[in-house]
Amino acid sequence: MRKAYIFLGITIVAIFIILSSIFVVDEREKALVLQFGQIKAVKEEPGLSFKVPIIQEVVTYDDRILSLDTDPIEVTPSDDRRLIVDAFARYRIENVEQFRRAVGVGGLRSAEERLGRILIAQTREVLGSAGVTSNTILSEDRSVLMERITTQARAESGDLGIEIIDVRLKQTALPQQNLAATFDRMRAEREREATDERARGEEAAQRVRAQADRTRVELVSDAEREAEIARGEADAERNRVFADAFGADPEFFEFYRSLTAYERALREGNSTLILSPDSEFFNYLKASNPEGGVSSEDSSGTNGGGAAATIPSGEESAADEGDDTAPEVVLNGTEADGEAAAQTN
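In this numbering scheme, every chain counts its residues from 1 along its sequence in written order. With pLDDT at 70 or above as the cut-off, local features in this predicted model cover only qualifying residues; side-chain atom pairs require 80 or more to be listed or tallied, and sums for whole chains, interfaces and linings still use all residues. Just so you know, side-chain values use all the structure's heavy atoms and leave hydrogens and water out.

Enquirer: Where do I start with the overall build of the protein chain in this structure?
Expert: Secondary structure elements are defined from DSSP: runs of H or I of at least 4 residues count as helices, runs of E of at least 2 residues count as strands, and each element is numbered from the N terminus. In terms of regular secondary structure, the protein chain is built from 8 helices and 11 strands. Only protein chains enter the accessibility calculation, which uses a 1.4 Å probe. A residue is then buried if its area is under 20% of the maximum for its type, exposed if over 50%, and partly exposed in between. Counting over 345 residues, the protein chain shows a buried share of 27%. Here the Shrake-Rupley method, with its probe set to 1.4 Å, supplies the accessible areas, and only the displayed protein chains count as covering residues. Total accessible area computed for the protein chain in this model is approximately 22900 Å², and 51% of it derives from carbon and sulfur atoms.

Next comes the structure, spelled out in structure tokens:
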């Protein structure tokens, strides 16, 4: 019975020793076998591995790509416009043995603190170098700056056993105290551009209006010229027709012209004309009942030096051109107010 207990104890100890000497390396990790703090083996392949129980220990590190966010930092480019930059880096542990010697028992936390200081220093150095302005940082050229930061940070972090994949500028902003001045400057620039655009538009509008006015004047001038030409040709044709018509009967033409003169001279109301007795104005009124003419009344005047002809307002002084007979013009005798009547011989 006592032997059975001894055998059971030995079995338990053996199982414990066997289990303590076996460890599993995950495919996402790398492992170091340490003996009294000294590196004895590096296990990078996944699977089962062995170590000396109690004397040796196993430390594992993540073999995946890790990320590190830096604290926002203030940089001053060459144009003296301060910027707040927030960056992050992607890295992985490339050499676990060198990494262990560099960071010691601090592990990943100690490595990230050192890596963060390196990233901040290189970011300030690159973004504050000559030729780098705030416009460069905020433009498409920032990719070139990030490549420079990655290259320099990779060179600085080589003794840590870390491979920096890349460094990215996550956010770039202005300090709060500079935002108002920046917005005012941007607003002034946009207003200046708007004023220039309006001025160019007004200039183009003036050109268009001037061209339209010139075209209008030319069209009106051409139309008036053509109208005057047509009007002159029509007047010439009318005069020709009148000349042909009046040339056929000169006596009738003279009679018609006299009636037209009467119509124009004797307008609305009583018209009084002071004429000499031998005036030719009333030649057709002097004739004694001419054929197709007008009637006249002879009277002897008292003045002898002139004649007064009074035409009542209710009578026509001349006939319309479309009538067949000439108008009848009557000369009144002495009126009640003592005026002299028209004398004709």
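On we go from here.
Enquirer: In this structure, what is going on with helix 5 (residues 142–156)? I would like to understand it.
Expert: Helix span, as expected, comes to 1.5 Å for every residue beyond the first. Here helix 5 is 15 residues long and its end C-alpha atoms lie 21 Å apart, about the 21 Å a rise of 1.5 Å per residue gives. Looking only at helix 5, the buried set comprises L145, M146, I149, T150 and A153. Down the axis of helix 5, the sector holding all buried residues measures 140°, keeping them to one side. Any two residues having at least one pair of non-hydrogen atoms within 4.5 Å are treated as being in contact. In this fold, the buried residues of helix 5 make contact with helix 3 (107–127), helix 4 (134–137) and strand 9 (162–173). This arc describes the spread of directions from the helix axis toward the C-beta atoms.

Enquirer: Honestly, the side chain of R100 in this entry has me stumped. Any pointers?
Expert: Summarising the element assignment, R100 is placed in helix 2 (residues 96–103). Buried charge without a partner: R100 forms no salt bridge, and the closest opposite charge is E57, 5.5 Å away. When residues no more than four places from it in sequence are discounted, the contact partners of R100 are L32, L34, I39, V59, Y61 and V105. This count recognises Lys and Arg as positive and Asp and Glu as negative, with His and chain-terminal groups excluded. Just to be clear on terms, a salt bridge is a Lys or Arg side-chain nitrogen sitting within 4 Å of an Asp or Glu carboxyl oxygen.

Enquirer: Looking at this structure, how should I read the pattern of salt bridges?
Expert: All told, the structure shown has 20 salt bridges when counted by the stated rule. For K170, the salt bridge goes to D86, with nearest N and O atoms at 3.6 Å. Of this pair, K170 sits in strand 9 while D86 is found in strand 8 (residues 83–93), placing the two residues 84 residues apart along the sequence. Taking the relative accessible area as the measure of exposure, D86 reaches 13% and is therefore buried. Of the charged contacts, one joins R240 and E237 as a salt bridge, the two residues approaching to 2.3 Å between their closest N and O atoms. Of this pair, R240 and E237 both sit in helix 6 (residues 176–247), 3 residues apart, which is roughly one turn of the helix. Taking the relative accessible area as the measure of exposure, R240 reaches 41% and is therefore partly exposed. Linked by salt bridges that have partners in common, D69, D86 and K170 make up one network.

Enquirer: Which parts of the structure should I look at to understand the sheet that holds strand 2 (residues 29–35)?
Expert: Sheet strands pair via backbone hydrogen bonds, and the direction of the pair is either parallel or antiparallel. The strand order 3-2-5 describes an open sheet built from 3 strands, whose pairing is antiparallel. Each edge of the open sheet is held by one strand with a lone partner, namely strand 3 (38–43) and strand 5 (56–62). Neighbouring strand axes in the sheet, compared pairwise and without regard to direction, differ in orientation by 30° on average. Pairing between two strands is assigned when DSSP locates at least 2 bridges connecting them. Structural elements are reduced to axes, namely lines fitted to C-alpha atoms, with helices fitted over the stretch in contact, and the angle between N-to-C directions of any two is expressed from 0 to 180 degrees.

Enquirer: What's the story with the nonpolar core in this structure? I'm lost.
Expert: The nonpolar side chains of a soluble globular protein tend to be buried, and buried together. Only buried residues count toward a nonpolar core, which is a set of Ala, Val, Leu, Ile, Met, Phe, Trp, Tyr and Cys residues joined through side-chain atoms within 4.5 Å. Residues Y61, V85, F99, L119, L127 and L169 are the most contacted members of the largest nonpolar core, which totals 35 residues. In this structure, V85 is in contact with D71, P72, I73, V75, T123, L127, L169, Q171 and T172, ignoring residues within four places of it in sequence.

Enquirer: Please clarify how the packing of aromatic side chains should be interpreted in this entry.
Expert: Geometrically, a pair of aromatic rings is defined through the distance of the ring centres and the angle of the planes. Between 30 and 60 degrees the pair is tilted, below 30 it is stacked and above 60 it is edge-to-face, where a pair is any two Phe, Tyr or Trp rings, Trp via its six-membered ring, whose centres lie within 6.5 Å. Using the criterion set out here, one finds 1 aromatic pair in the structure. Taking the centre distance of 5.3 Å and the plane angle of 80° together, the rings of Y61 and F99 count as edge-to-face. Of the two residues, Y61 sits in strand 5 while F99 sits in helix 2, which places them 38 residues apart along the sequence. F99 carries the same exposure label as Y61, and that label is buried.

Enquirer: Mind showing me how you'd approach the side chain of K30 here?
Expert: Position of K30 among the secondary structure elements: in strand 2. A polar side-chain atom of K30 sits 3.4 Å from a polar atom in the side chain of D63. Excluding its chain neighbours within four sequence positions, the residues that come into contact with K30 are K43, E44, V59, T60, Y61, D63, R92, I93, E94 and V96. We define a polar contact as two N or O atoms separated by no more than 3.5 Å, with the added condition that, inside protein, one atom must be a possible hydrogen donor and the other a possible acceptor, whereas residues neighbouring each other in sequence contribute only through side-chain atom pairs.

Enquirer: How should I be thinking about the confidence of the model for the protein chain in this particular structure?
Expert: Regions with low pLDDT carry predicted coordinates that are not meant to be interpreted in detail. What pLDDT expresses is the predictor's confidence in each residue, scored from 0 to 100. Residues of the protein chain with pLDDT of at least 70 account for 80%, and the chain-wide mean is 76. No element of the protein chain has a lower mean pLDDT than strand 11 (residues 307–311), which averages 38, and none a higher one than strand 6 (residues 66–69), which averages 90. Contacts for the low-pLDDT stretch residues 288–345, under 50 throughout, to residues beyond four places or in other chains number 94 contacts.

Enquirer: What should I look at first to understand a nonpolar patch on the surface in this one?
Expert: Patch rule: a residue counts if its relative accessible area is over 30% and it has no salt bridge; like charges are joined within 9 Å, and nonpolar side chains (Val, Leu, Ile, Met, Phe, Trp, Tyr) within 5 Å. On the surface, a cluster of nonpolar side chains totalling about 520 Å² of accessible area is made up of I18, I22, V24, L48 and F50. Residue assignment for the nonpolar patch shows that the elements contributing at least two residues are strand 1 (22–25) and strand 4 (47–50). With respect to the helices and strands, F50 occurs in strand 4. F50 sits in the exposed class, given a relative accessible area of 58%.

Enquirer: Would you mind showing me how to read the packing of helix 3 against helix 5 here?
Expert: Between two packed helices, what matters for the description is the angle formed by their axes and the separation of those axes. Taken N-terminus to C-terminus, the directions of helix 3 and helix 5 make an angle of 135°; their axes are 9 Å apart at the nearest point. Accordingly, the angle class assigned to the pair helix 3 and helix 5 is oblique. As for how helix 3 packs across helix 5, the hand of that crossing is right-handed. For the pair helix 3 and helix 5, the contacting residues are I118, L119, Q122, T123, E125, V126 and L127 in the first and L145, R148, I149, Q152, A153 and E156 in the second. We call Asp, Glu, Lys and Arg charged. Ala, Val, Leu, Ile, Met, Phe, Trp, Tyr, Cys and Pro are nonpolar, and the rest, Gly among them, are polar. The residue makeup of the contact of helix 3 with helix 5, split by class, is 7 nonpolar, 3 polar and 3 charged. Working rule for angles: under 35 degrees goes down as roughly parallel, over 145 as roughly antiparallel, 65 to 115 as roughly perpendicular, anything else as oblique. Here a crossing is called left-handed whenever its near helix is offset anticlockwise from the far helix by less than a right angle, and right-handed whenever the offset is clockwise.

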